[in-house]
Amino acid sequence: MTEVQAPAALDAVAALAELAPVGADPVRGGWSRHLLDDADRDMRAWFVRTAESLGLSVETDANANQWATWAPEGAAGRAIATGSHLDSVPGGGPLDGPLGVVSALAAVSRLMAEGHVPSRPIRVANFAEEEGARFGVPCLGSQLLAGELDTDRVRRLTDVAGTTYAEAMTAAGHDPQAIGRDEDRLSDLALYVELHVEQGRQLEPLGAPVGLATSILAHGRWRLTVAGRGDHAGATELDSRHDPMLVAAAVVQAARARALEASPETRSRATVGKMRIVPGGSNAIASEVALWLDARAEHDPDVRALVEAVLADAREAATAEGCTVEVAEESFSTRVGFDVPLTDRMAAALEPGFGEVPRIPTGAGHDAGILSAHLPAAMLFVRNPDGVSHSPHEGASDEDIRAGVDALTAVLRDLTGP
Ligand code: HGY
Ligand code: MN
Ligand code: MN
Ligand code: MN
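All residue numbers refer to position in the chain's written sequence, counted from 1. Chains and ligands are labelled by the order in which they are written, letters from A for the one and numbers from 1 for the other. With the structure being a predicted model, the display of local features is reserved for residues of pLDDT at least 70 and the display and counting of side-chain atom pairs for 80 or more, all residues being used for whole-chain, interface and lining totals.

- The name an unreviewed UniProt entry assigns to the protein chain is N-carbamoyl-L-amino-acid hydrolase, from the organism Demequina mangrovi.

What follows is the structure in structure tokens.
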């Protein structure tokens, strides 16, 4: 009788190199992979191909999240879930997202190769639109799955080209009417562990290749639309202008000033990283400016207070310039404290290989944060020597990437042990 051979274990560094051409952005630098665009579809196709080559069964749920399952004979009960996302911010780095998915597939393949028999199924997830770069709402796939969003509102979300979420889903062969809380899938999961590249520089000074997450700052996004009067840059006297760019500039300044005022106790931070100027001509006073405020702080009320302070400054600046401001909250994510018993268990599983693993907070949002309200969730971070993320310069050494896979393998082995 011939034995069925497990496929060779997947090497995470090689897999990331394979993904490098997908969505490489020649204009911004880095990578742009947004929900169901060509790059995202190529990433998704890679996920299916790679998972199937390892013998996993792949399905896409109603919210466009992908799942690859390893459920050999003997695996029973609720599944252990791991993974991350394959989409990116505009011009992002190579690891924010893909590292967690690639490492999860690599860890599963390692367990297969060593002949591990999991007591429970292991599911590897690729969550849709984690960055919210196309439709404005971060962790869109996991939030929909968890029933955190108004599905009518989601169907109407539009991208820059005016395509709605419903249209984009339909075009890609998904049924937009089927989105929303997925009770069966959610109740089938025992817990979720997400590996992610570190964002910020806490592990490097500690000399640690991996860390465990403690918490995520409360955070949200607000769109401010400032309307003024478009006019000629040369012919319009200064005292008769209603220039929304002046208001926008005041908002950018207020974001920094108000966050500084509230720091360091509240760990407040506020950023304007995206702006749309209409009509956007160098010799035209703008008629309208839309700008996006990203605000974060330790606790939910700190974020609310920060946003109110920035908005008060925005309204004052608008009045002074004879402009108007409209505000829309695009998303809000409450503060997350990760599951302590699960994190303790992971620390114990990592101890033999890694010693005492540092525990660090993060200011970045994650699908693990969304899921933590519904099931035990925890995170593993892989050292990022410069701490840079949401930038093409994000990185981790090959050695640390492989250490991350070792760590996730140890965790999954423990969680699915006899
Ligand atoms: O914006 C964020 O925190 C994220 O990386 N989704
Ligand atoms: Mn990110
Ligand atoms: Mn991420
Ligand atoms: Mn002219």
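What follows picks up the thread again.
**Here's the deal with the UniProt feature "binding site: Zn(2+) 1" (unreviewed entry) in the protein chain**
For step 1, the next point in the chain: Look at the UniProt record and you will see "binding site: Zn(2+) 1" (unreviewed entry) annotated at His 85, Asp 96 and His 196. What stands out for the annotated residues spanning 112 residues is how close their C-alpha atoms remain, the widest pair being 9.6 Å apart.
For step 2, the next point in the chain: Note on placement: His 85 falls in strand β3 (residues 79–85).
For step 3, the next point in the chain: Two residues qualify as a contact pair if the distance between their C-beta atoms, derived from the backbone, is within 7 Å. Setting aside chain neighbours within four positions, we find His 85 in contact with Gly 97, Asn 126, Phe 127, Glu 130 and Asp 367.
For step 4, the next point in the chain: Strands are runs of DSSP state E lasting at least 2 residues, helices are runs of H or I lasting at least 4, and numbering of each runs from the N terminus. Structurally, Asp 96 is set in the loop between β3 and α3 (98–113). UniProt positions are given in the numbering used here, feature names are shortened, and annotations may be inferred rather than shown by experiment.

**As for the domain arrangement of the protein chain**
For step 1, the next point in the chain: Under the domain assignment, the protein chain is made up of domain 1 (12–217 + 335–415) and domain 2 (218–333).
For step 2, the next point in the chain: Residue ranges for the domains trace back to a domain assignment, done automatically or taken from a database. In this structure, domain 1 and domain 2 have C-alpha centres spaced 32 Å apart.
For step 3, the next point in the chain: Of the residues in the side of domain 1 that touches domain 2, the class split is three nonpolar, five polar and one charged. When residues are sorted by character, Ala, Val, Leu, Ile, Met, Phe, Trp, Tyr, Cys and Pro go into the nonpolar class, Asp, Glu, Lys and Arg into the charged class, and all the rest, Gly among them, into the polar class.

**Side note on the pairing of strand β6 (residues 210–216)**
For step 1, the next point in the chain: Exposed residues have 12 or fewer other C-beta atoms within 10 Å of their own C-beta, buried residues have 20 or more, and partly exposed residues fall in between, where C-beta atoms are placed from the backbone. Within β6, five of the seven residues are buried, which leaves the element mostly enclosed by the surrounding structure.
For step 2, the next point in the chain: Strand direction decides the pairing type here: β6 and strand β14 (residues 359–362), joined by three bridges, are parallel. Opposite Ala 213, over in β14, you have Ile 360 as the bridge partner.
For step 3, the next point in the chain: Any two strands with at least two DSSP bridges between them are considered paired. Bridge count between β6 and strand β13 (residues 336–337): two bridges; the pairing is antiparallel. Each bridged residue has a counterpart across the sheet, and for Ser 215 the counterpart in β13 is Gly 337.

**Topic: helix α2 (residues 38–53)**
For step 1, the next point in the chain: By this rule, a helix spans an expected 1.5 Å times one less than how many residues it contains. Here α2 is 16 residues long and its end C-alpha atoms lie 22 Å apart, about the 22 Å a rise of 1.5 Å per residue gives.
For step 2, the next point in the chain: Of the positions making up α2, those classed as buried are Ala 39, Asp 40, Met 43, Arg 44, Phe 47, Thr 50 and Ala 51. Projected down its long axis, α2 carries its buried residues within an arc of 140°, all on one side. The exposed set on the far side of α2, more than 90 degrees from its buried face, consists of Asp 38, Ala 45, Arg 49 and Glu 52.
For step 3, the next point in the chain: Buried-residue contacts for α2 involve α1 (12–19), β1 (57–60), β2 (66–70), α3 and β4 (122–127). By definition, the arc is the one covered by directions from the helix axis to the C-beta atoms.

**Quick word on the UniProt feature "binding site: Zn(2+) 2" (unreviewed entry) in the protein chain**
For step 1, the next point in the chain: The positions UniProt marks with the feature "binding site: Zn(2+) 2" (unreviewed entry) are Asp 96, Glu 131 and His 390. In summary, the annotated positions, though distributed over 295 residues, converge in three dimensions, the widest C-alpha pair being only 9.8 Å.
For step 2, the next point in the chain: Here His 390 is to be found in the loop between β15 (377–382) and α13 (398–415).
For step 3, the next point in the chain: For His 390, a count of 18 C-beta atoms within 10 Å translates into the label partly exposed.

**Describing unusual backbone geometry**
For step 1, the next point in the chain: The amide bond that connects Ser 263 to the next residue, Pro 264, takes the cis arrangement and shows omega of 0°.
For step 2, the next point in the chain: Structurally, the position occupied by Pro 264 is in the loop between α9 (244–262) and β9 (269–278).
For step 3, the next point in the chain: Cis geometry marks the peptide bond from Val 278 to Pro 279; its omega dihedral reads 0°.
For step 4, the next point in the chain: The phi dihedral of Ala 64 is positive, around 70°, even though this residue is not glycine.
For step 5, the next point in the chain: Its location among the elements puts Ala 64 in the loop between β1 and β2.

**Considering the sheet that holds strand β7 (residues 218–227)**
For step 1, the next point in the chain: Pairing in this open sheet of four strands is antiparallel, and the strands run β9-β11-β7-β12 from one edge to the other. A strand with exactly one partner marks an edge of an open sheet, and here the two such strands are β9 and β12 (324–333). If you compare each strand with its neighbour and ignore which way they point, the axes differ by 15° on average.
For step 2, the next point in the chain: As defined by bridge partners, β7 adjoins β12 across nine bridges and the pair is classed as antiparallel. Directly across from Ala 227, in β12, lies its bridge partner Thr 324.
For step 3, the next point in the chain: Each of β7, β9, β11 (288–297) and β12 is contacted by helix α10 (residues 300–321), which is oriented at about 155° to β11, the strand it contacts most. The convention used is that axes are lines fitted to C-alpha atoms, helices contributing only their stretch in contact, and that angles between N-to-C directions extend from 0 to 180 degrees.

**Overview of the nonpolar core**
For step 1, the next point in the chain: Each nonpolar core comprises buried Ala, Val, Leu, Ile, Met, Phe, Trp, Tyr and Cys residues, the members being joined through C-beta atoms within 7 Å. In this structure, Val 247 and Val 251 are the most contacted members of the largest nonpolar core, which totals 118 residues.
For step 2, the next point in the chain: Top element by residues in this core is α3. It accounts for ten residues.
For step 3, the next point in the chain: Split by domain, this core shows at least three residues from each of two domains, domain 1 (12–217 + 335–415) and domain 2 (218–333).
For step 4, the next point in the chain: Residue contacts for Val 251: discarding those within four places in its chain leaves Leu 224, Val 272, Leu 291, Leu 293, Val 310 and Ala 314.

**Digging into the site of ligand 1**
For step 1, the next point in the chain: Near residues are defined by distance alone, with the backbone-placed C-beta atom required to lie within 6 Å of the molecule or strand. Taken together, Glu 130, Glu 131, Pro 138, Ala 364 and Gly 365 make up the full set of residues adjacent to ligand 1.
For step 2, the next point in the chain: Residues belonging to the shell around ligand 1 are distributed by class as follows: two nonpolar, one polar and two charged.

**Some details on α9**
Side chains that are three or four residues apart share a direction in an α-helix, a result of its 3.6 residues per turn.
For step 1, the next point in the chain: Along its 19 residues, α9 runs 27 Å from first to last C-alpha, staying within 8% of the 27 Å computed at 1.5 Å per residue.
For step 2, the next point in the chain: The set of residues buried in α9 consists of Pro 244, Leu 246, Val 247, Ala 248, Ala 250, Val 251, Ala 254, Ala 255, Arg 258 and Ala 259.
For step 3, the next point in the chain: Residues of α9 that are buried sit in contact with β7, β9, β11, α10 and β12.

**Observations regarding the packing of α9 against α10**
For step 1, the next point in the chain: Look at α9 against α10: their axes get within 9 Å of each other, and the N-to-C directions meet at 150°. As far as their axial angle goes, α10 and α9 are roughly antiparallel. Read as a crossing pair, α9 and α10 show a hand that is right-handed. Packed against α9, whose contacting residues are Leu 246, Val 247, Ala 250, Val 251, Ala 254, Ala 255, Arg 258, Ala 259 and Ala 262, the element α10 presents Asp 302, Leu 306, Ala 309, Val 310, Asp 313, Ala 314, Ala 317, Ala 318 and Glu 321 at the interface.
For step 2, the next point in the chain: A class-by-class count of the residues in the contact of α9 with α10 yields 14 nonpolar, no polar and four charged. The labels follow the angle: roughly parallel below 35 degrees, roughly antiparallel above 145, roughly perpendicular from 65 to 115, and oblique for the rest. In this scheme the crossing of two helices becomes right-handed for a clockwise turn of the near helix relative to the far one and left-handed for an anticlockwise turn of less than a right angle.

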